Amino acid sequence: MASTTPAVYPKLMLWRDLTPLPTPLNKPTETSPHILVVGGGVIGLTTTWSLLDQGYKVTVLSKEWATFGKEQRIASQIAGALWEYPPAVCGQHTDKISLQHSKKWCMVAYHVWHAIAADPNYKSAGVRMMPSNFYFPNPIDGDDFQTEKMNEIAASGVLGFQRGAHLIKNYSVDPENGGVDAYGIMAPVIDTDAGMKWLMELVQAKGATLVTEAIHGDLLTQEHALRTRFGVEAIINCTGIASAETAGDDSCYPIRGGLIRLVNDGVKMPKVEAALTISADVGRQNEIVFIVPRNDNTLLLGGFTEPNEWSLDLNLESPVIKRMKERCEAFLPSLKTAQIDPDYPVAQGLRPFRQRNIRVERELRSLGDTPSRIVHSYGHGGAGWSLSFGCAGDVLGLVKDALQDLPAVSRTNQAPVDLPYSGPAVHATVA
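To keep things clear, this report deals only with the structure shown in the data block. (Residues numbered from 1 in each chain as written. Predicted model: local features only at pLDDT ≥ 70, side-chain atom pairs only at ≥ 80, totals over all residues. Heavy atoms only, no water.)

Points about the sheet that holds strand β15 (residues 359-362)
Strand order in the open sheet made by the six strands is β6-β2-β1-β7-β16-β15, with mixed pairing throughout. Looking at which strands have only one partner, the edges of the open sheet turn out to be β6 (209-212) and β15. In this sheet, adjacent strand axes meet at a mean angle of 15 degrees when their direction is disregarded. Pairing analysis gives five bridges linking strand β1 (residues 34-38) to strand β2 (residues 57-62), with the strands arranged parallel. Each residue of the ladder has a partner; that of V37, found in β2, is V60. Taken strand by strand, helix α10 (residues 384-403) contacts β1, β7 (234-237), β15 and β16 (374-378), and its axis lies near 15 degrees from that of β15. (Pairing = 2+ DSSP bridges. Helix = DSSP H or I, 4+ residues; strand = E, 2+ residues; numbered from the N terminus. Axes fitted to C-alpha atoms, helices over the stretch in contact; angles between N-to-C directions. Contact = heavy atoms within 4.5 Å.)

Digging into unusual backbone geometry
Here the amide bond leading from G302 into G303 is cis, since omega sits at -5 degrees, within 30 degrees of zero. With respect to the helices, strands and loops of the structure, G303 is situated in strand β11 (residues 298-304). At S172, a residue that is not glycine, the phi angle is positive and equals roughly 60 degrees. Tracing the chain through its elements places S172 in the loop between α5 (166-169) and β5 (181-190). With phi around 55 degrees, D405 is a residue other than glycine that occupies positive phi space. With respect to the helices, strands and loops of the structure, D405 is situated in the segment after α10.

Just geometry here; none of it tells us what the structure is for.
So this is what it looks like as structure tokens:
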């Protein structure tokens, strides 16, 4: 009989469980298991990084990788990549257990990204800790949900929590257009182009093999063939929207989004040096205010959600893009004089959502008596960067279970449990 006892997986910590050094924390041996990761986005690469530092051999298979020209970029590059607690993707959760998992995952990622941002040796990762303010059109105290969320954030371990009207005045927000109440934290903001380049180079330096190839069809039906062909003991599915096919999951669907890119060099407008948002859970479900400095010279304006819209044909004249620009300019009037990035004015992409919550789980189906050794990590919506290392830590535990051919158990009703770390001690000096 399959066990129903929830497995417990330690939270990943930088310098203890993984390092940004180009050599693996635990070097593989001749007998180390070889893992195939399918998917080359942020979820696939952070999972690969975590596996490599635990001594696994890893091959990453992806139909496409990050690109840096004017052509369409992959979804992980299009993401706003402002860390949130809990991420906006959690609005899709249908139960409290799933939401608990996401709260744990995003806090794990918070501390890893913060540690990377704090180390001057890793500026090329594109991660910065930045003031991140959340604004509300009505007093927070009148909304029980928002009050509870604010209190959770204040107690979560994030840095720099503050609340007050000074966040409206000091950042020149128009109180007539959303700035009545606010709180702020210090949050990781990732330049996703720089971040994806850094992750790709890091995993390759640590020993990963990157293979460019599209996988079609259900992974389960070709598991044996893939494991034989690549000489691997387990497979991790990080294919996002494509999991409708690779996991046989018809609950996967896209939510189209887009961002306007402005020049943020302080010439045409005062330089914006904080992330300013009205989140999706304060009554503006489909069209929100999202203003985030991407790097020293680029400012992103968002955002909106368009479920089940597959086309990527938006431009500056698209009605939803024009409304987005007007909404952000009303909220922060100084944007009205901004210069739009002439080379890359609109970034657009498809967020990989799933109706039945984010899936970080063993494959529950089997083609024989032996449990499948496929592990899934997909359905992260627009929050892949916010959830990345938290999900990767759980995947590590699921891979260990799979390699022992333990029965696969649904995690839908399993609350996350924290236990002291019992792995090998690691001593490192952080510059």
